[in-house]
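# Coordinate inspection notes
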Amino acid sequence: MPLTDNTVLNDTAAAQNAGSSGFKLFDTHCHFDLPELAIQQALHWQQAQLAGVAALVIPAVQQSAWQNVLQLHQQQPHWYVALGIHPWWAAEHSLDAVVELNKLLIANDTAVVAVGEIGLDYALAENSFDIQQQLFVEQLALAKQHHKPVILHHRKSQPQLLAELKRQQFNEGGILHAFSGSQQQAMAFVDLGFKLGIGGTITYERASKTRNTVQKLPLNCFVLETDAPAMPLAGFQGEVNTPAQLARVFSALCQLRKESPEVIAQQLWQNSSNVLRLRSS
Ligand SMILES: [Zn+2]
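Figured I'd write up the structure that's included with this text. Computed from a prediction, not measured in an experiment: that's the story for all the values here.

### Comments concerning the side chain of Gln168
Relative to the elements of secondary structure, Gln168 occurs in the loop between helix H7 (158-167) and strand E6 (174-176). Among the polar contacts made by the side chain of Gln168, one reaches the main-chain amide nitrogen of Ala141 at a distance of 3.2 Å. Beyond its immediate chain neighbours, meaning those up to four positions away, Gln168 contacts Val137, Leu140, Ala141 and Lys144.

Okay, here's the thing in structure tokens:
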């Protein structure tokens, strides 16, 4: 959906408000290469920066996107790259894609901060499960081999993801994208070196289980994310989500926590840098 002039104006004003506090935020999951955002990428980045977003990760979702996201990193070094095949696109790939992924990981070791977006989605049609599983197993093995963290997509698949992480003794950690769930579910991933990706879900009052978990776990478990252009925040349903909205996710998180916004912002930046192994910037 293209943005109307009005939306742009409102977003800019909101972004300026949200960014006036001067916090440095990291959007660890933004599909900046997808057409909904790509059409006004420069504007979205400008608004995101006004909102305090200083860096983001673009997780590619399919093989045909890999070269493009690598180019985006060339264009803007604070747009980090994850390469992988998302389970929604698994059925369009064969295992040959993993051979290509291996080559790109060797050739772009510094640009690529993670293997992702990968995972398992058991809400999809059952005939996709085989290829989903094969691609997940192979991509996880590649991440292990290249010592890269992973960005994990999950839907009705947390136990299976955990089982495979354990089976492969995967010790590189990563981000459990779009975390929702109980404290116990969260800790199972945290114990394996994962951070929980906290996004627009916590802006919905009805997400009480997730909000409760976010309130209780230590601050070093979390990273922020928008998943733009998907997952609009409460009050923005039906609109294209943008990385500037990260400031609102951050405010929602601050409302759930006892620590000061300064402490929260600093810790989340640290968590993002640590899990993606970036030199502190
Ligand atoms: Zn995603």
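### So, the coordination of the zinc ion
Ideal geometry at a metal centre gives angles of 109.5 degrees when four donors are arranged tetrahedrally and 90 or 180 degrees when six donors are arranged octahedrally. Looking at the zinc ion, one finds its protein donor set to be His29 (NE2), His31 (NE2) and Glu117 (OE), positioned 2.1 to 2.2 Å from the metal centre. All donors to the zinc ion come from one chain, and their sequence spacing reads H-x1-H-x85-E. Pair noted here: His31 is in the loop between strand E1 (25-27) and helix H2 (35-38) and Glu117 is in strand E4 (residues 112-121), with a separation of 86 residues, a long-range link. By relative accessible area, which is 5% here, His31 ends up buried.

### Overview of the packing of helix H4 (residues 66-75) against helix H5 (residues 96-107)
Remark: H4 packs on H5, axes separated minimally by 12 Å, with the N-to-C direction vectors making an angle of 20°. One element, H4, and the other, H5, form an angle in the roughly parallel class. For the pair H4 and H5, the sense of crossing is right-handed. Here Trp66, Gln67 and Leu70 of H4 lie close against H5, whose contacting residues are Ala97, Glu100, Leu101 and Leu104.

### Notes on the pairing of strand E2 (residues 53-59)
Of all the 7 residues making up E2, 6 are buried; the element is thus mostly covered by neighbouring parts of the structure. Taken together, E2, H4 and strand E3 (residues 79-83) constitute a β-α-β crossover, and its handedness is right-handed.

### What to know about the pattern of salt bridges
Across all of its chains, the model carries 6 salt bridges by this definition. Between Arg155 and Asp121 there is a salt bridge; the shortest N-O distance is 2.9 Å. Of the two residues, Arg155 is situated in strand E5 (residues 150-155) and Asp121 in strand E4; the sequence distance between them amounts to 34 residues. When its relative accessible area of 36% is taken as the criterion, Arg155 is described as partly exposed. Between Glu172 and Arg277 there is a salt bridge whose closest N-O contact spans 2.9 Å. Taken together, the residues Glu172 in the loop between H7 and E6 and Arg277 in the segment after helix H11 (261-275) connect sequence positions 105 residues apart.

### Description of the layout of surface pockets
In this model, the largest pocket occupies a volume close to 350 Å³. If you go around the largest pocket, you meet 20 residues; those closest to its centre are His86, Trp88, His153, His177 and Asp227. In terms of residue count, E5 provides more of the lining of the largest pocket than any other element does, 3 residues in total. For the second largest pocket, the calculated volume is near 250 Å³. Along the wall of the second largest pocket there are 13 residues; nearest its centre are Thr110, Leu276, Arg277, Leu278 and Arg279. Of the residues belonging to the lining of the second largest pocket, the class tally is 6 nonpolar, 3 polar and 4 charged.

Cut-offs applied
- Residues numbered from 1 in each chain as written.
- Predicted model: local features only at pLDDT ≥ 70, side-chain atom pairs only at ≥ 80, totals over all residues.
- Heavy atoms only, no water.
- Helix = DSSP H or I, 4+ residues; strand = E, 2+ residues; numbered from the N terminus.
- Polar contact = N/O pair within 3.5 Å; in protein donor to acceptor, adjacent residues only side chain to side chain.
- Contact = heavy atoms within 4.5 Å.
- Donors = N, O, S within 2.8 Å, 3.2 Å for Na, K, Ca; no water.
- Buried < 20%, exposed > 50% of the residue type's maximum accessible area, 1.4 Å probe, protein only.
- Axes fitted to C-alpha atoms, helices over the stretch in contact; angles between N-to-C directions.
- Parallel < 35°, antiparallel > 145°, perpendicular 65-115°, else oblique.
- Left-handed = near helix turned anticlockwise from the far one by under 90°.
- Right-handed = clockwise from strand over helix to strand, strands pointing away.
- Salt bridge = Lys/Arg side-chain N within 4 Å of Asp/Glu carboxyl O.
- 1 Å grid on protein atoms, 1.4 Å probe; cavity = no way out; pocket = protein on both sides within 12 Å on 5 of 7 lines; lining within 4 Å.
- Points joined across faces, edges and corners; volume = space filled by probe spheres on them.
- Nonpolar A, V, L, I, M, F, W, Y, C, P; charged D, E, K, R; others polar.

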